[in-house]
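Coordinate analysis (summary)
These are the residues of each chain, in order.
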Amino acid sequence: MKHDELIDLLKKIPEREPPPELHGRIMRAVRAKERTRLQRLADLFSAPLVVRIHPLRLAAMGFACTLFFALGILAGKSPLFSGGQQPTLPQTVADDRANYFIGRALLAAGDPARAARYLSRAALLAPGETSYEFWQGVAYGLAGQRDKERSSYNQVISMRPDYLPALVNLGHNLLQSGELDRALALYDRVLRLAPANREALYNRGLVFHLQGRRRAEARAWKKFLATYRTGRWAFRAVAHLNNLGDFSYRAGRIGPRKIIFHQAALLGSDAQARDQEIRLLAGEIARTPSGPLNLVLFRAGDPAGARKTAIRLQALFARQLKGKRVSVSWFGQPEKVHSSSGTQYELKSGLLLFSAPATGTNISSMEKRI
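The notes below deal with the structure included here. (Residues numbered from 1 in each chain as written. Predicted model: local features only at pLDDT ≥ 70, side-chain atom pairs only at ≥ 80, totals over all residues. Heavy atoms only, no water.)

From N to C terminus, the chain includes 17 helices and 7 strands. By residue count, 45% of the 370 residues in the chain fall in the buried class. Taking all contacts inside the chain whose residues are at least 6 apart in sequence as the whole, residues at least 24 apart take part in 62%. Surface exposure of the chain reaches about 19100 Å², of which carbon and sulfur atoms provide 52%. (Helix = DSSP H or I, 4+ residues; strand = E, 2+ residues; numbered from the N terminus. Buried < 20%, exposed > 50% of the residue type's maximum accessible area, 1.4 Å probe, protein only. Contact = heavy atoms within 4.5 Å. Areas by Shrake-Rupley, 256 points an atom, 1.4 Å probe, with all protein chains shown as cover.)

It is worth spelling out the packing of helix α6 (residues 112-125) against helix α7 (residues 130-142) at this point. Interaxial distance between α6 and α7 falls to 8 Å at its minimum, and their mutual angle equals 155°. With respect to α7, the axis of α6 lies roughly antiparallel. Remark: the crossing between α6 and α7 carries left-handed chirality. For the pair α6 and α7, contact is made by Pro112, Ala115, Ala116, Leu119, Ser120, Ala122 and Ala123 and by Tyr132, Glu133, Trp135, Gln136, Ala139, Tyr140 and Leu142, respectively. In the contact of α6 with α7, the residues fall into 11 nonpolar, 2 polar and 1 charged. (Axes fitted to C-alpha atoms, helices over the stretch in contact; angles between N-to-C directions. Parallel < 35°, antiparallel > 145°, perpendicular 65-115°, else oblique. Left-handed = near helix turned anticlockwise from the far one by under 90°. Nonpolar A, V, L, I, M, F, W, Y, C, P; charged D, E, K, R; others polar.)

So, about the pairing of strand β4 (residues 326-331). Here 6 bridges tie strand β3 (residues 293-299) to β4, and the two strands are oriented parallel to one another. Along β4, the bridge assignment pairs Val296 with Ser329. Each parallel crossover has a hand, and the one from β3 via helix α16 (residues 303-320) to β4 is right-handed. (Pairing = 2+ DSSP bridges. Right-handed = clockwise from strand over helix to strand, strands pointing away.)

So, on to the pairing of strand β6 (residues 344-347). Residues of β6 alternate between two faces, with Tyr345 and Leu347 buried on one and Gln344 and Glu346 left unburied on the opposite face. Note: strand β5 (residues 335-338) against β6, 4 bridges, orientation antiparallel. Across the sheet, the residue bridging to Val337 is Tyr345, located in β6. The turn linking β5 back onto β6 is made up of 5 residues, and Gly342 within it adopts a positive phi angle of 95°.

As a further point, take helix α11 (residues 198-211). For α11, which comprises 14 residues, the first-to-last C-alpha distance of 20 Å matches the rise-based estimate of 20 Å (1.5 Å per residue) to within 8%. Counted residue by residue, α11 has 11 buried out of 14 residues, so it is predominantly covered. Every buried residue belonging to α11 is among Glu199, Ala200, Leu201, Tyr202, Asn203, Arg204, Gly205, Leu206, Val207, Phe208 and Leu210, and all of these are buried. Two or three places before Glu199, at the opening of α11, Asn197 has a side-chain oxygen 3.3 Å from that residue's backbone nitrogen. Within two residues after α11, Gly212 carries a phi angle of roughly 75°, on the positive side. (Expected span 1.5 Å × (residues − 1). Polar contact = N/O pair within 3.5 Å; in protein donor to acceptor, adjacent residues only side chain to side chain.)

Right, let's get into the sheet that holds β4. Note on sheets: strands pair through backbone hydrogen bonds, and any given pair is parallel or antiparallel. If you walk across this open sheet you meet the 5 strands as β2-β1-β7-β3-β4, and the pairing is mixed. Both edges of this open sheet fall to β2 (257-262) and β4, since each of them pairs with a single strand only. Going from strand to strand, the sheet's axes swing by 25° on average, the running direction of each strand aside. Here helix α13 (residues 232-243) sits on the sheet and contacts β1 (249-254) and β2; the angle it forms with β1, its principal contact strand, is near 130°.

What follows covers the packing of aromatic side chains. All told, the structure shown has 11 aromatic pairs when counted by the stated rule. Look at Phe134 and Tyr153: their rings are 5.8 Å apart centre to centre, the planes differ by 35°, and that puts the pair in the tilted class. One end of the pair, Phe134, is in helix α7; the other, Tyr153, is in helix α8 (residues 146-159), and 19 residues separate them in sequence. For the residue pair Phe134 and Tyr153, the accessibility class agrees, reading buried in each case. A connected cluster of aromatic rings, assembled from ring pairs, spans Tyr202, Trp221, Phe224, Tyr228 and Trp233. (Phe/Tyr/Trp six-rings, centres within 6.5 Å; stacked < 30°, edge-to-face > 60°.)

Below, the discussion takes up the side chain of Asn242. Positionally, Asn242 belongs in helix α13. Among the polar contacts listed, one links the side chain of Asn242 to the backbone oxygen of Tyr249, at a separation of 3.1 Å. Leave out the neighbours within four places in its chain, and Asn242 touches Phe247, Tyr249, Ser339 and Tyr345.

With 13 residues, helix α5 (residues 96-108) extends 19 Å between its outermost C-alpha atoms, agreeing within 8% with the 18 Å of an ideal straight helix rising 1.5 Å per residue. Among the 13 residues of α5, 10 are classified as buried, and the element is accordingly described as predominantly covered. Every buried residue belonging to α5 is among Ala98, Asn99, Tyr100, Phe101, Ile102, Gly103, Arg104, Ala105, Leu106 and Leu107, and all of these are buried. The backbone nitrogen of Arg97 has a side-chain oxygen 2.8 Å away, supplied by the residue at the start of α5, namely Asp95. Positive phi shows up at Gly110, right after α5, with a value of about 85°.

Two numbers describe how α8 lies on helix α9 (residues 164-176): the axes approach to 9 Å, and their chain directions differ by 150°. If you check the angle between α8 and α9, you find them roughly antiparallel. Two packed elements cross with a definite hand, and for α8 against α9 that hand is left-handed. Residues Arg146, Glu149, Arg150, Tyr153, Asn154, Val156 and Ile157 of α8 form the contact with α9, whose own contacting residues are Ala166, Leu167, Asn169, Leu170, Asn173, Leu174 and Gln176. A class-by-class count of the residues in the contact of α8 with α9 yields 7 nonpolar, 4 polar and 3 charged.

Here we take up the environment of Arg214. Relative to the assigned elements, Arg214 resides in helix α12 (residues 214-227). The spatial distance from the C-alpha of Arg214 to the C-alpha of Leu241 is 9.4 Å, given a sequence separation of 27 residues. Within polar-contact distance, the side chain of Arg214 engages the backbone oxygen of Leu244 at 3.4 Å.

Below is the structure:
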């Protein structure tokens with residue numbers, strides 16, 4: 001096979017995001033000392049955000065076949081091998097692109113140590129190519145070589161100060177090393193370039209959490225939730241926020257789904273914010289098979305005010321949810337709430353929002369589909 005044909009073949013290997021394991025060890029490295037039971041419980045909600053891609057199993061199998069076929073051709077052998085023997089690869093390749101694609105293929109195959117060798121060779125042959133340096137850093141990180149990982153990202157940033165993947169990953173590296181102030185500075189820099197970057201928004205809250213800066217932490221979680229309301233990281237942000245005694249955002253259940261609602265907007269005096277929140281929630285509710293919507297209002301010492309607010313919300317939701325029944329209840333007393341950390345709070349004003357699954361709904365299949 002000719003050299004150019006080999007390059008074309010390797011190029012056809014599908015692109016993938018940085019492997020999710022790259023930063024999964026961050027929290028374990030930040031604080032290695034023995035933790036109390038309460039601290040270990042808190043750590044369940046303290047993993048930094050990494051966006052993961054979960055391809056279909058069939059697609060993954062197809063990618064694996066393509067990978068091993070390419071590596072087999074590179075070795076001058078058939079890809080059909082037995083006994084667990086891996087294809088033999090050349091120790092050095094003269095072309096920078098060949099080294100890069102081999103390194104990417106090895107990363108996808110779960111061999112970061114060998115991948116780092118080829119990617120570093122690619123970076124050496126083409127020192128101005130930022131993608132080579134970046135993926136070299138990814139490989140070093142997965143191989144546990146944190147200093148080399150950091151050096152690679154710094155090299156990328158020196159050439160391209162606005163290269164977001166390197167800035168974000170360098171922030172993760174610093175967070176993993178316990179350098180919280182420097183990690184925070186990197187995440188702030190990312191958000192100046194990309195204000196909606198999910199990883200930076202979430203991990204800023206995590207940095208403040210580790211620093212014990214409760215007010216800054218609460219602001220960070222609310223800023224994250226103002227942009228992202230779905231996915232496990234949003235629910236972890238809600239748990240963090242509620243553990244601080246802040247229930248401006250809360251979780252509710254609509255049929256088989258959990259949702260997040262902005263309680264402060266629904267119960268506040270800003271009519272525009274309230275109406276916008278109701279429209280957002282109505283869209284989520286309409287897409288989910290469920291029974292009547294239930295709203296339960298609490299207002300300490302003010303049953304008349306609780307009734308007035310409940311009836312107003314009932315009318316506003318009913319207007320958006322045409323044909324769906326909206327039931328309301330109200331109490332002139334505080335709401336007692338337990339956060340995920342086990343602390344009990346009393347809310348002077350509180351709202352519960354929920355509905356049962358629609359009659360005949362297969363809950364288990366719905367949960368899988370959603």
